[in-house]
Amino acid sequence: GIQVEQSPPDLILQEGANSTLRCNFSDSVNNLQWFHQNPWGQLINLFYIPSGTKQNGRLSATTVATERYSLLYISSSQTTDSGVYFCAVVGRAGSYQLTFGKGTKLSVIP
Amino acid sequence: SAVISQKPSRDICQRGTSLTIQCQVDSQVTMMFWYRQQPGQSLTLIATANQGSEATYESGFVIDKFPISRPNLTFSTLTVSNMSPEDSSIYLCSVKGDRVGEQYFGPGTRLTVT
């Protein structure tokens, strides 16, 4: 099946700093989503981005499908950005199975 | 996007017992999914639940251990049977979104088995 790798596994930032999270996938995808899992375990949809670039406030994401990677940018980080960021993809056409990466654990310190 | 609720939000159970987790959606959805997240790990799909048909289980998950019901288009249950400490996880339900492959997740049920 499709493989999803995220980097870095852990990231500690000072409040106000910027960061880039990376997601590599091993095959073509029909869907790519970025999620934020808060400390209470809730998965929050950040972006649905099988290709192209999107922005939502301080967050933006870019997926280069032909090169099989996606990037999530966080600018001016805040302590509330802490948590785990997951990239998840749907590979095989007609499948709905989301394959998740192992996540990037982000800690933003004041 | 759909609003999804789960009950219970958390529970502590004795080994050998069973727990049924409920997932309620505020709109009719064709496809619902159940995921497991073991401590410190990523999410793994347990099964896909379509209304009116048997759930489809992923490799490594069996119906006897994780029976699923899908009685209508807004509700599903997952039962974790004959629990052991290895079943301690967050269990999340999700629903298919409007776009290809898109999914939205419920708040999860945090299960601890002692």
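Bear in mind the structure is a predicted one, so any value in this text is a computation, not a measurement. (Residues numbered from 1 in each chain as written. Chains lettered and ligands numbered in written order. Predicted model: local features only at pLDDT ≥ 70, side-chain atom pairs only at ≥ 80, totals over all residues. Heavy atoms only, no water.)

A. Spatial organisation of the overall build of chain A. If you tally the helices and strands in chain A, you get 0 helices and 11 strands. Helices (α) and strands (β) of chain A occur, in sequence order from the N terminus, as β-β-β-β-β-β-β-β-β-β-β. For chain A, the C-alpha radius of gyration of 13 Å lies close to 13 Å, the compact-globule estimate for 110 residues. Overall, chain A is about 45 × 25 × 20 Å in size when its C-alpha atoms are taken along their principal axes. (Helix = DSSP H or I, 4+ residues; strand = E, 2+ residues; numbered from the N terminus. Rg over C-alpha atoms; globule rule 2.2 N^0.38 Å.)

B. Representation of the interface of chain B and chain A within the structure. In this assembly, 22 residues from chain B lie in contact with 21 residues from chain A. Between chain B and chain A lies a buried interface of about 1700 Å² when both sides are counted; carbon and sulfur atoms form 55% of it. For the chain B face of the interface with chain A, the top three residues by lost area are B:S42, B:G101 and B:F105, together amounting to 25%. Secondary structure elements with two or more residues in the side of chain B that touches chain A: strand 4 (31-37), strand 5 (43-50), strand 9 (89-96) and strand 10 (103-105) of chain B. It is strand 4 of chain B that provides the largest number of residues to the side of chain B that touches chain A, a total of 4 residues. Grouping the amino acids of the side of chain B that touches chain A by side-chain chemistry returns 11 nonpolar, 6 polar and 5 charged. (Contact = heavy atoms within 4.5 Å. Buried area = accessible area lost by both parts, 1.4 Å probe. Nonpolar A, V, L, I, M, F, W, Y, C, P; charged D, E, K, R; others polar.)

C. Representation of the side chain of B:R70 within the structure. All names here are of chain B. Positionally, R70 belongs in strand 7 (residues 68-72). For R70, the side chain forms a polar contact with the main-chain oxygen of L73, separated by 3.2 Å. Here the side chain of R70 touches F75 through a polar contact of 3.4 Å, landing on its backbone oxygen. Beyond its immediate chain neighbours, meaning those up to four positions away, R70 contacts V29, T30, M31, M32, A49, N50, Q51, G52, F75 and S76. (Polar contact = N/O pair within 3.5 Å; in protein donor to acceptor, adjacent residues only side chain to side chain.)

D. Quick look at the side chain of B:Q37. You can see B:Q37 is positioned in strand 4. Take B:Q37: its relative accessible area is 7%, and that puts it in the buried class. Sequence-distant contacts of B:Q37, that is, excluding residues within four places in its chain, are made with A:Q37, A:F86, B:S42, B:L43, B:S89, B:I90 and B:L92. (Buried < 20%, exposed > 50% of the residue type's maximum accessible area, 1.4 Å probe, protein only.)

E. Seen up close, the pattern of salt bridges. Residue and element names in this part refer to chain A. Applying the stated rule across the entire model yields 4 salt bridges over all chains. Close ionic contact of D81 with R58 constitutes a salt bridge, the shortest N to O distance being 2.9 Å. Residue D81 is found in the loop between strand 8 (69-74) and strand 9 (83-90), and its partner R58 is found in the loop between strand 6 (52-56) and strand 7 (59-64); the two are separated by 23 residues along the sequence. (Salt bridge = Lys/Arg side-chain N within 4 Å of Asp/Glu carboxyl O.)

F. Representation of the sheet that holds strand 7 of chain A. All names here are of chain A. Taken together, the 5 strands give an open sheet; going across it, the order is 1-3-8-7-6, and neighbouring strands pair in antiparallel fashion. For this open sheet the edge positions go to strand 1 (4-7) and strand 6, each flanked by a neighbour on one side alone. Mean inter-strand twist for the sheet, computed between neighbouring axes without regard to direction, equals 15 degrees. As paired strands, strand 3 (residues 19-25) and strand 8 are joined by 6 bridges and run antiparallel to one another. Considered in strand 8, the bridge of N24 is made with Y69. (Pairing = 2+ DSSP bridges. Axes fitted to C-alpha atoms, helices over the stretch in contact; angles between N-to-C directions.)

G. Highlighting the environment of A:I109. Residue and element names in this part refer to chain A. Relative to the helices and strands, I109 resides in strand 11 (residues 104-109). According to the relative accessible area criterion, I109 is partly exposed, its value standing at 36%. Sequence separation between I109 and E15 is 94 residues, and the spatial gap between their C-alpha atoms is 5.6 Å. When near neighbours in sequence (up to four residues on either side) are disregarded, I109 contacts I12, L13, Q14 and E15.

H. Region of interest: the environment of B:D98. With respect to the helices and strands, the residue B:D98 is situated in the loop between strand 9 and strand 10. Separated by 81 residues in sequence, B:D98 and B:T17 have C-alpha atoms that sit 37 Å apart.

I. Local environment of unusual backbone geometry. Backbone torsion omega between A:S7 and A:P8 reads -10 degrees, so that peptide bond is classified as cis. Along the polypeptide, A:P8 turns up in the loop between strand 1 and strand 2 (10-14). Residue B:K7 is joined to B:P8 through a cis peptide bond whose omega torsion reads -10 degrees. Even without being a glycine, A:S76 presents a positive backbone phi close to 45 degrees. One can find A:S76 in the loop between strand 8 and strand 9. Located in the positive-phi region is B:N82, a residue other than glycine, with phi close to 45 degrees.

Any link to function would need more than the numbers given here.
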